[in-house]
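Secondary and tertiary structure notes
As a plain string of letters, each chain reads:
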Amino acid sequence: VICDLMARLTDILGQVLSHSFYLVPQETTGVGSAFEGRSPRAEDVVYQVLVPLSPPPGHAFHLELDTAGMAQKNFWVHVELLCTCSSRQLRKDMLCFLHHPEQELRREQEPSLLHTLCTGSYLDVEKTAQWFCRFVRLAWMLLPQSCHQRLTLLPSRRSCRVQLSKEKESLMAEMIFGVQRGDSDIFVGSQPSAVGTPSTTWIETCAVAEAKFFRHISRHTPQDSCHCRCLQLFSHSLLGVGLSSYTLKTVLMHLLSTVPLAGWRSRDFPWRMMDIVEYLLCLLQTKQLHHLVTGNERFPGEISLP
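In this numbering scheme, every chain counts its residues from 1 along its sequence in written order. For a predicted model such as this one, the threshold for reporting local features is a pLDDT of at least 70, and the threshold for listing and counting side-chain atom pairs is 80 or more; totals across whole chains, interfaces and linings nevertheless cover every residue. The side-chain quantities take in all heavy atoms of the structure and omit both hydrogens and water.

Mapped onto the elements, R158 comes out in the loop between β8 (150-154) and β9 (160-166). Buried charged residue R158 carries no salt bridge. Nearest counter-charge: E126, at 5.3 Å. Per the convention used, a helix needs a DSSP run of H or I reaching at least four residues, while a strand needs a run of E reaching at least two, with both numbered from the N terminus. When accessible area is computed with a 1.4 Å probe and restricted to protein chains, residues below 20% of their type maximum are described as buried, those above 50% as exposed, and intermediate ones as partly exposed. Positive charges are assigned to Lys and Arg, negative charges to Asp and Glu, while His and the chain termini are left out of the count. We count a salt bridge whenever a side-chain nitrogen from Lys or Arg sits within 4 Å of a carboxyl oxygen from Asp or Glu.

Structure, rendered in C-alpha cells:
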C-alpha cells in the first residue's frame, strides 16, 4: 500500500514539475525492517522508502567523497550545469544555462537547480527535504485517498515523514532521498545522521541492495523459513544492550550467505538461533564485523555493486 501510494505521489510530482528544473523523483523502493519482515515490535514499524533523485535537464551530478576519515562513507553531490545548445533530446523551448544571457534566463525560464536546492554548487539535503514535503502536501490533495484519509507531515530535517490516518487506524511512513552511485544499487542518501552533520553531506547507504538481498532470499528459502523470526526475536530481546538492530541484521545476512537455504525451515529454528549466538560471540571476541555488501563474493549477481 505504501509503495503504491509513493509511486502515485512521485508520478504526480513528475507531472507537476515537468517544466521546472527541480529534482526528478524516480521509482521508490521499500527499505528497512518493515519491508524485510523483521520489525521486533509492531509499535516500532515505520514504512521507509528510498526515493531516487535524478538531475533535471541541463544538469549533472558528480559524487565527491568526503575524505575526513569517518567510519561511514560521506559524499557531497556536486551539481554541474551542462551545455544544451545543440542537444535535441531536451525540451525544444529550453535555454542553455551556460550560454544564454542571464537577463533572458531570468525572464524566460525557471531557475536552475543551483539557485533552488543547492548550497553553493552542492545539493542540500535539508532544502531537498523541505521542497519535497511541500510538494507531497500538494500532490496528496490530487489523490483519491485524500477523501477518506488524512496526511500529516511530521518534523524532520533530512527526510519527509508522514502519518496517514483513517478513523482510529494510522501508520507512519518516511521518505528518504538517494542519488545513485553510477548504475549500481548503492546510493548516497539523506537518512538521519549524527547531530551537526552539514546539510550538504549525503551518507552512503546499501539499503536498496539489502532489500533486494532479502527479496532474493525469500524467493529461494522454504515457505516456512524462520530467518525473519530469528531476527525478530534477537532484535526484541537484545534491545538496550549495545548491539544495534543493523548489527544483528548484518549477522543474519552473513549466515544466510553461508548456511544452505534449505537449512532455514521452522524445524531448524533452534540450530539457526545457536548459529547467531556463536557468530555474535565470535564478533565480540574479534571486535570486528565485516559489512555484508563490500567485498562479498557470495553476494547475488543480480544485485549491482559499484
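The structure having been displayed, the exposition proceeds.
Here a pair means two rings of Phe, Tyr or Trp (six-membered ring of Trp) with centres within 6.5 Å. Their orientation is stacked below 30 degrees between planes, edge-to-face above 60, and tilted elsewhere. One pass over the structure, following the stated rule, counts nine aromatic pairs. Ring centres of F21 and F97 lie 5.0 Å apart, and the angle between their planes is 80°; on these two criteria the pair is classed as edge-to-face. In this pair, F21 sits in the loop between α1 (2-16) and β1 (24-25) while F97 sits in the loop between β5 (74-81) and α3 (102-108), placing the two residues 76 residues apart along the sequence. Exposure remark for F21: the relative accessible area of 1% places this residue in the buried category. Of the residues examined, F97 reaches a relative accessible area of 13% and is grouped as buried. Through a chain of ring-to-ring contacts, the aromatic side chains of Y22, W131, F132, F135 and F177 assemble into a single cluster. Sitting over the face of the ring of F269, R229 holds its NZ or CZ atom 5.5 Å from the ring centroid. The rule is short: NZ of Lys or CZ of Arg within 6 Å of the ring centre and within 35 degrees of the ring normal puts a charge over the ring.

What makes a nonpolar core is a set of buried Ala, Val, Leu, Ile, Met, Phe, Trp, Tyr and Cys residues whose side-chain atoms join them at distances within 4.5 Å. Within the largest apolar cluster, 39 residues are counted, with the highest numbers of intra-cluster contacts made by L123, F132 and M175. Among the secondary structure elements, those contributing two or more residues to this core are α1, β3 (47-54), β5, α4 (125-140), β9 and β10 (169-180). It is α4 that contributes the most residues to this core, nine residues altogether. Apart from the residues lying within four places of it in its own chain, the contact partners of L123 are L23, F61, V77, V79, L113, L117, C118, T128, V179, S199, T200 and W202. Core analysis: the second largest hydrophobic core is formed by 28 residues, C226, L231, F299 and I303 among them. Should any heavy atoms of two residues lie within 4.5 Å, those residues are counted as being in contact.

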